[in-house]
Amino acid sequence: MTATPILSVRDLHLAIGEGSRRAPILRGVSLDIAPGEVHGLVGESGAGKTMIGKAVLGIQPSRARITGGSVTFDGRDITRLPERERRRLMGRGLGLIPQDPMTSLNPAARIGGQIADVLRLHLGMGRAAARQRALELLNDVRIRVPERVLRQYPHELSGGMRQRVLIAIAFACRPKLIVADEPTTALDVTVQRQVLALIKEMQAQEGASILFVTHDLGVVAKICDRVTVLHAGRVLEAGETRRIVEAPEHDYTRALMAATPRHDRPGDVLRPVPESLSARLNAEALAWDAAHAGGGRAGA
Ligand SMILES: Nc1ncnc2c1ncn2[C@@H]1O[C@H](COP(=O)(O)OP(=O)(O)OP(=O)(O)O)[C@@H](O)[C@H]1O
Ligand SMILES: [Mg+2]
């Protein structure tokens, strides 16, 4: 990679729980994202994709702790930023497209107000300017009658429409990096395709980078420039999407490829990774734990 990365995750270790109950979740994860790059993060359920996405946004579940490594965004280590500075980054430097469009919007507030709140909070816009910009944003995400949608509540919109609104919010403050955690998983296939195309279009228009979390290599092939393959909190393989899809090096990547449902074959379902391979990889992860037992960030 030639350009200085906008995001650099280095040897990130994260564990949940304390003392003898401490369970490693991320086992030395590294990845770089260049400006303007869409970077796929793939792996089965439980691999730690969401944990990485959260760490990039500077948040962890209450019992989780970063025990080593760094997450450098725009030159600063997010894992060590004071809460106030981290918050300032949210919205402005960093954006999020969440998985579940239903629970991610406030059910009691109109769409226009929710978009305007973000603009007023992070950019200090006045009422009229925020409303104008909210209209523009809804236009950008191809919502047909934006004036009407501004006045509507989330439950009045379809899942696809709600996801468009969340994409508008993610891009509202022109962030440099967006974490998209399974942004289309909750949508049906046709809508999924439209929303993917929209994310790609907005990303290109704004020149933002995206960390695109998904379990679906078919989706990765459509939208990502590069991809990192994760299993049990370890990176098994990373590289250009084309290379990964056409000539995967790791057995697990090959198994994921074989397991990926074909969107052009209706009714095709996800086939699981063979049990023998899962068992081997889990044993490797346990061996890793044994080799790293007692390790941790000094003073953490
Ligand atoms: N709050 C929590 N307390 C304890 N363990 C947790 C918690 N959240 C996640 N984990 C564990 O951390 C691991 C990684 O979880 P994570 O949610 O990052 O996986 P994921 O790759 O995003 O999976 P999915 O595809 O299902 O979303 C899993 O083993 C999970 O059980
Ligand atoms: Mg997840």
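Refer to the structure above for everything that follows.
A. Expanded view of the pattern of salt bridges. One pass over the structure, following the stated rule, counts 19 salt bridges. When the shortest N-O distance is used, the salt bridge between Glu 18 and Arg 65 registers 3.6 Å. Of the two residues, Glu 18 sits in the loop between strand 1 (7-16) and strand 2 (23-33) while Arg 65 sits in strand 4 (residues 64-73), which places them 47 residues apart along the sequence. Between Arg 142 and Glu 201 there is a salt bridge whose closest N-O contact spans 2.0 Å.

B. Region of the structure containing the site of ligand 1. The environment of ligand 1 is formed by 13 residues, the closest being Ser 45, Gly 46, Lys 49, Thr 50 and Met 51. Here an oxygen atom of ligand 1 and a side-chain polar atom of Lys 49 are 2.8 Å apart. The side chain of Thr 50 places a nitrogen or oxygen atom 2.8 Å from an oxygen atom of ligand 1. The fraction of the free accessible surface of ligand 1 (640 Å²) that becomes covered by protein chains is 60%. Top element by residues in the shell around ligand 1 is helix 1 (residues 49-56). It accounts for three residues. Taken together, the residues that form the shell around ligand 1 break down as five nonpolar, four polar and four charged.

C. Fine view of the environment of Ser 45. Along the chain, Ser 45 turns up in the loop between strand 3 (38-42) and helix 1. Overall, Ser 45 belongs to the exposed group, its relative accessible area being 76%. Spatially, the C-alpha atoms of Ser 45 and His 215 are 7.3 Å apart, while their sequence positions differ by 170 residues.

D. Up close: the sheet that holds strand 3. One open sheet holds the six strands; their spatial order is 6-7-8-3-9-10, and the pairing between them is mixed. Each edge of the sheet is formed by a strand with only one pairing partner; in this case those strands are strand 6 (94-97) and strand 10 (234-240). Each strand of the sheet is rotated relative to its neighbour by a mean of 15°, with strand direction disregarded. When strand 3 meets strand 9 (residues 226-231), the two strands line up parallel, connected through four bridges. Bridging from a neighbouring strand, Gly 40 pairs with Val 227 of strand 9. Of the strands in this sheet, strand 6 and strand 7 (177-181) touch helix 6 (residues 159-171), which is tilted by about 175° from strand 6.

E. Structural detail: the packing of helix 3 (residues 111-123) against helix 4 (residues 127-140). Where helix 3 contacts helix 4, the two axes come as close as 9 Å, and the packing angle between them is 120°. Looking at the two axes, helix 3 sits oblique to helix 4. As for how helix 3 packs across helix 4, the hand of that crossing is right-handed. The segment helix 3 lies against helix 4, with Ile 115, Ala 116, Leu 119 and Arg 120 engaging Arg 127, Ala 130, Arg 133, Ala 134, Leu 137 and Leu 138. A breakdown of the residues in the contact of helix 3 with helix 4 according to their chemical character gives seven nonpolar, no polar and three charged.

Cut-offs applied
- Residues numbered from 1 in each chain as written.
- Chains lettered and ligands numbered in written order.
- Predicted model: local features only at pLDDT ≥ 70, side-chain atom pairs only at ≥ 80, totals over all residues.
- Heavy atoms only, no water.
- Salt bridge = Lys/Arg side-chain N within 4 Å of Asp/Glu carboxyl O.
- Helix = DSSP H or I, 4+ residues; strand = E, 2+ residues; numbered from the N terminus.
- Near = heavy atom within 4 Å.
- Polar contact = N/O pair within 3.5 Å; in protein donor to acceptor, adjacent residues only side chain to side chain.
- Areas by Shrake-Rupley, 256 points an atom, 1.4 Å probe, with all protein chains shown as cover.
- Nonpolar A, V, L, I, M, F, W, Y, C, P; charged D, E, K, R; others polar.
- Buried < 20%, exposed > 50% of the residue type's maximum accessible area, 1.4 Å probe, protein only.
- Pairing = 2+ DSSP bridges.
- Axes fitted to C-alpha atoms, helices over the stretch in contact; angles between N-to-C directions.
- Contact = heavy atoms within 4.5 Å.
- Parallel < 35°, antiparallel > 145°, perpendicular 65-115°, else oblique.
- Left-handed = near helix turned anticlockwise from the far one by under 90°.

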